[in-house]
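As a plain string of letters, each chain reads:
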Amino acid sequence: QALYSRAIAPYWNVQAGLRHDFKPDGLDYAVIGVQGLAPYFFEIDVSAFLSTEGDVSARAEIEYDLLLTQRLILQPRIEANLSLQDVPERMLGAGLNNIDAGLRLRYEIKREFAPYIGVEWQGNFGDTKISSKRLEARRTKPSLSLAFEPGFRRTKMNSLIEPNIHPILVHFAY
């Protein structure tokens, strides 16, 4: 996903760009969204997607940084994906598709380098859950990851091309 971001109000950006899904068979999307800092410092990121096949979907993500110290940060987060119509080739049903909820514990060695450990619960809903069970795809399960956040973290007030890159170093699932 590559997005152009433009400040529209204090602490709020509008974003537009492109997204490409490599699996299962490669599909491109146009993206438009809003990202910002809501009252009480909740980070909000809402995006709508229009695929080259005409499918419309959306994603909403909410995060909150709890500063345990100046460098040690606990971040609860929740993400929900929705689809306006059934997309059988992608195993998506109309409505709420899935929710990912988790916690990340991050240590900011520098603002540019912040390794973290996280645990996440992933669950599918409705027709998406039925499709994924039929094909033995991802089911409701917790997972554990170790990773780091790259140097170009969110910059709420600047207009820039913002690559969404979060390389996973180690990922455990049970």
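Model, not experiment: these values are computed from the prediction. (Residues numbered from 1 in each chain as written. Predicted model: local features only at pLDDT ≥ 70, side-chain atom pairs only at ≥ 80, totals over all residues. Heavy atoms only, no water.)

## Side note on the overall build of the protein chain
Then, in step 1: The helix and strand tally for the protein chain stands at 1 helix and 12 strands.
Then, in step 2: Beginning at the N terminus, the succession of helices and strands in the protein chain can be written as β-β-β-β-β-β-β-β-β-α-β-β-β.
Then, in step 3: The 174 residues of the protein chain split such that 33% are buried.
Then, in step 4: Considering only intrachain contacts with a sequence separation of at least 6, the fraction spanning at least 24 residues in the protein chain is 43%.
Then, in step 5: Carbon and sulfur atoms make up 66% of the accessible area of the protein chain, which totals about 10,300 Å². (Helix = DSSP H or I, 4+ residues; strand = E, 2+ residues; numbered from the N terminus. Buried < 20%, exposed > 50% of the residue type's maximum accessible area, 1.4 Å probe, protein only. Contact = heavy atoms within 4.5 Å. Areas by Shrake-Rupley, 256 points an atom, 1.4 Å probe, with all protein chains shown as cover.)

## Structural notes on the nonpolar core
Then, in step 1: In terms of nonpolar packing, the biggest core is built from 5 residues, these being Leu-3, Leu-27, Tyr-29, Val-31 and Phe-49.
Then, in step 2: With 3 residues, strand β3 (residues 27-38) is the single largest residue contributor to this core.
Then, in step 3: Here Tyr-29 is in contact with Gly-17, Leu-18, Arg-19, Asp-21, Phe-49, Leu-50, Ser-51 and Arg-90, once residues within four sequence places are set aside. (Core = buried A, V, L, I, M, F, W, Y, C linked by side-chain atoms within 4.5 Å.)

## Details of the confidence of the model for the protein chain
Then, in step 1: Counting all residues, the mean pLDDT for the protein chain is 80, and 75% of those residues have values of 70 or more.
Then, in step 2: Contacts of residues 153-174 to residues separated by more than four positions or lying in other chains number 68 contacts, the stretch itself having pLDDT below 50. (pLDDT = per-residue confidence, 0-100.)

## A few points about the environment of Ser-143
Then, in step 1: Among the secondary structure elements, Ser-143 is positioned in strand β10 (residues 141-149).
Then, in step 2: Exposure remark for Ser-143: the relative accessible area of 4% places this residue in the buried category.
Then, in step 3: Considering only alpha carbons, one finds Ser-143 and Val-119, 24 residues apart in sequence, at a separation of 5.6 Å.

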